[in-house]
Amino acid sequence: MNPNSFLHALLDINCIRFGKFTLKNGSISPIYLDMRNLISYPSLMEDLAALMMPHISENIDRICGVPYAALPMATVVSMKTQIPLLIKRKEAKSHGTKKIIEGEYKTGDRILLVEDVITSGASLIETIDELEKEGLIIEQIITLVDREQGGSSLLSSKSYALKSLFTISDIINTLFKENKINEALFDELVAYLKQSPTPEIKTPKRKLPAQHAHPTAQKLLDIAHSKRSNLIASVDLTTCAEVLNFLRKTGPFICAAKIHVDILVDFTTDFLRELKQIAIENNFLLIEDRKFADIGNTQLLQLSQGIYSIASWADMVTIHLIAGEAALKAIKDWETDRKPALIPIIEMSSAGALTDKNYVENCTKFLYNYPDVVGTVCQKFEPEKGLLKFTPGVNLATKSDNKGQQYNSPEFAISTLHSDFLIIGRGLYEAANPEIEIEKYLAAVRECEIF
Ligand code: S5P
């Protein structure tokens, strides 16, 4: 069945009705959409599945139906595609397992969410949150009808892929063209759609905080505000001269330089002296991206000993929380004169990273209890309680590096991911003229009005 014939059928079986209807939000609408009646017509359910199937991505592990109207739709699509079904309960069971999702699944399964009608998208976002809390990845959403009342913009502002088989404008235009509704009704419907236009999604602009409880984080914020730059240069160059030259050029425009000191082929302690000097002269902080990931005792040795003697010069260091809370506790209990602030890595930017929702949720159980922690390196996760958000994987020119790195634009990182600080590596240090390239990044972040 072609899409237009399917629309006629929806009209015939009263899933689309015209008249005067009071909607849930109290407003009066001349059109009413109620897809629940479709279940009385099994052949139409099959037609619907056939219309949805060409849009389904290849990598879907599970199909999820949201009760009630979309549940049988998801069921038919599941039967036709042989992709197993999940049901998201309306309320968690009050007894026994207290499950919210029925059916077999595992963390990281990619989900196709099937919906009947999407209006503002608010209830769908609640469903998505609940599924994500279970460690599922919402790969795709297919809805039969989009009422064009903000739902699609809300979902795309949160980077979800939505496919609507029909928009309400499609329905009205098609039915008018095919003489299923008369001109007077068409005009009334068009006027209705015009006076209730898609509400614009007003996501408040991300502002860089002014205050932080930790003195090093406060310093970083002060520098960022004074330079109007939230850029952290990730200087992954391999000779001391290259790193220092790069920072002499870009130092005035960054608020911190992040290095991997162990990739330098000609490291000497003189390098550290010069690095600190350039940092002072150009007013930026130093981050060692060591990604500590060991038991507490070893981490303290890695921080304080060896040729790099990281704690003696780094203002901040990155740390994985794979070892659990003990990793942070050992550093908290460490008595020393110079302790770098900590930036735990909660989510990684690489494709297929194992830092899924479960991992993130486990980290948040203790993350906020350690005053040395000033922020997190993450992607979608939004840290709370004053922690700053640092996001790597930012590049103006490319989306990936063919080695697993995934890039977003500065605009996306700030406006959609709500990052405070952007970590930029090859986008800057591989540029022919980093001091010119950095102006493009500065223009992009300032455009987001973060300062
Ligand atoms: O998830 C992460 C965490 C980090 S710290 N993804 C990352 O890319 N990084 C680091 O950021 C990575 O080690 C590198 O130093 C920098 C990104 O560099 P780029 O050249 O890909 O921009």
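Definitions and limits used
- Residues numbered from 1 in each chain as written.
- Predicted model: local features only at pLDDT ≥ 70, side-chain atom pairs only at ≥ 80, totals over all residues.
- Heavy atoms only, no water.
- Helix = DSSP H or I, 4+ residues; strand = E, 2+ residues; numbered from the N terminus.
- Buried < 20%, exposed > 50% of the residue type's maximum accessible area, 1.4 Å probe, protein only.
- Contact = heavy atoms within 4.5 Å.
- Lys, Arg positive; Asp, Glu negative; His and termini not counted.
- Charge placed at Lys NZ, Arg CZ, Asp CG, Glu CD.
- Expected span 1.5 Å × (residues − 1).
- Arc of directions from axis to C-beta.
- Pairing = 2+ DSSP bridges.
- Right-handed = clockwise from strand over helix to strand, strands pointing away.
- Near = heavy atom within 4 Å.
- Polar contact = N/O pair within 3.5 Å; in protein donor to acceptor, adjacent residues only side chain to side chain.
- Areas by Shrake-Rupley, 256 points an atom, 1.4 Å probe, with all protein chains shown as cover.
- Nonpolar A, V, L, I, M, F, W, Y, C, P; charged D, E, K, R; others polar.
- Salt bridge = Lys/Arg side-chain N within 4 Å of Asp/Glu carboxyl O.
- Core = buried A, V, L, I, M, F, W, Y, C linked by side-chain atoms within 4.5 Å.
- Domains from an automatic or database assignment.
- Buried area = accessible area lost by both parts, 1.4 Å probe.

When you go through the chain residue by residue, the secondary structure sums to 16 helices and 16 strands. C-alpha extents for the chain along the principal axes are approximately 80 × 50 × 40 Å. Looking at the 451 residues of the chain, the share that counts as buried comes to 50%. Looking at the chain alone, contacts between residues at least 24 apart form 66% of all its contacts between residues at least 6 apart. Charged side chains in the chain number 49 positive and 57 negative. The centres of these two groups are separated by 3 Å.

Now for helix H16 (residues 434–447). Across its 14 residues, H16 extends 20 Å between first and last C-alpha, which sits within 8% of the 20 Å expected from 1.5 Å per residue. Of the positions making up H16, those classed as buried are Pro434, Glu437, Ile438, Tyr441, Leu442, Ala444 and Val445. Seen end-on, H16 carries its buried residues on one side only, within an arc spanning 160°. Where H16 is buried, its residues touch strand S9 (231–234), helix H9 (240–250), helix H14 (410–416), strand S16 (421–424) and helix H15 (426–429). Once H16 ends, the next one or two residues include Glu449, with phi positive near 55°.

Before going further, it helps to spend a moment on the pairing of strand S7 (residues 137–146). Where burial is concerned, most of S7 is hidden: eight out of the ten residues are buried. Pairing of strand S6 (residues 110–118) with S7, which is carried by eight bridges, proceeds in the parallel orientation. Within S7, the position partnered with Glu115 by the bridge is Thr143. At this point the chain moves from S6, through helix H4 (residues 122–133), to the parallel S7, and the crossover so formed is right-handed. Direction of pairing for S7 relative to strand S8 (residues 162–167): parallel, over a ladder of five bridges. By the bridge assignment for S8, Ile142 is matched with Lys163.

We now examine the site of the ligand. In the vicinity of the ligand lie 16 residues, with Asp236, Lys258, Ser349, Tyr407 and Arg426 positioned nearest. Contacts to the ligand include Ser234, whose side-chain N or O atom sits 3.0 Å from an oxygen atom. Here Arg426 contributes a side-chain N or O atom positioned 2.7 Å from an oxygen atom of the ligand. Coverage of the ligand by the protein amounts to 92% of the 490 Å² it exposes when considered alone. Per-class residue counts for the shell around the ligand are five nonpolar, five polar and six charged.

For the rest of this paragraph, the subject is the pattern of salt bridges. Under the definition given, this model contains 16 salt bridges. A salt bridge links Asp34 to Arg36, with the shortest nitrogen-to-oxygen separation between them at 3.0 Å. Residue Asp34 is classed as buried on the basis of its relative accessible area of 18%. For Arg36, a relative accessible area of 49% puts it in the partly exposed group. When the shortest N-O distance is used, the salt bridge between Lys329 and Asp333 registers 2.8 Å.

Glancing now at unusual backbone geometry. In this model, Pro67 is joined to Tyr68 through a cis peptide bond whose omega is -5°. By the secondary structure assignment, Tyr68 is in the loop between strand S3 (62–65) and helix H3 (70–81). Of note, the phi angle at Lys385 is positive, near 50°, even though the residue is not glycine. Its location among the elements puts Lys385 in the loop between strand S14 (375–377) and strand S15 (388–391).

Position of Val374 relative to the elements: it lies in the loop between helix H13 (357–364) and S14. Of the residues examined, Val374 reaches a relative accessible area of 0% and is grouped as buried. Separated by 121 residues in sequence, Val374 and Phe253 place their C-alpha atoms 22 Å apart. With residues up to four places along the chain from it excluded, the contact list for Val374 reads His212, His214, Ala217, Met316, Ala341, Leu342, Ile343, Gly386, Leu387 and Leu388.

Right, let's talk about the environment of Ile278 for a bit. For Ile278, the location among the structural elements is in helix H10 (residues 269–282). Measuring from C-alpha to C-alpha, the distance between Ile278 and Ala432 comes to 21 Å, with 154 residues separating the pair along the chain.

Attention now goes to the nonpolar core. Side chains of nonpolar character tend, in soluble globular proteins, to be buried together. Judged by nonpolar contacts, the single largest core of 82 residues is most densely connected at Val235, Leu247, Phe271, Leu303, Trp313, Phe390 and Phe421. Of all hydrophobic cores here, the second largest spans 44 residues; its members include Leu11, Ala49, Val76 and Ile171.

Once that is clear, we can look at the domain arrangement of the chain. Taken domain by domain, the chain consists of domain 1 (3–195) and domain 2 (215–447). Between the C-alpha centres of domain 1 and domain 2 the distance comes to 42 Å. Facing the seven residues of domain 1 at the interface are seven residues of domain 2. Together domain 1 and domain 2 conceal approximately 580 Å² of surface at their shared face, both sides included; 45% is due to carbon and sulfur atoms.

Let's shift gears to the side chain of Thr167. Topologically, Thr167 is positioned in strand S8. With relative accessibility at 18%, the residue Thr167 sits in the buried group.

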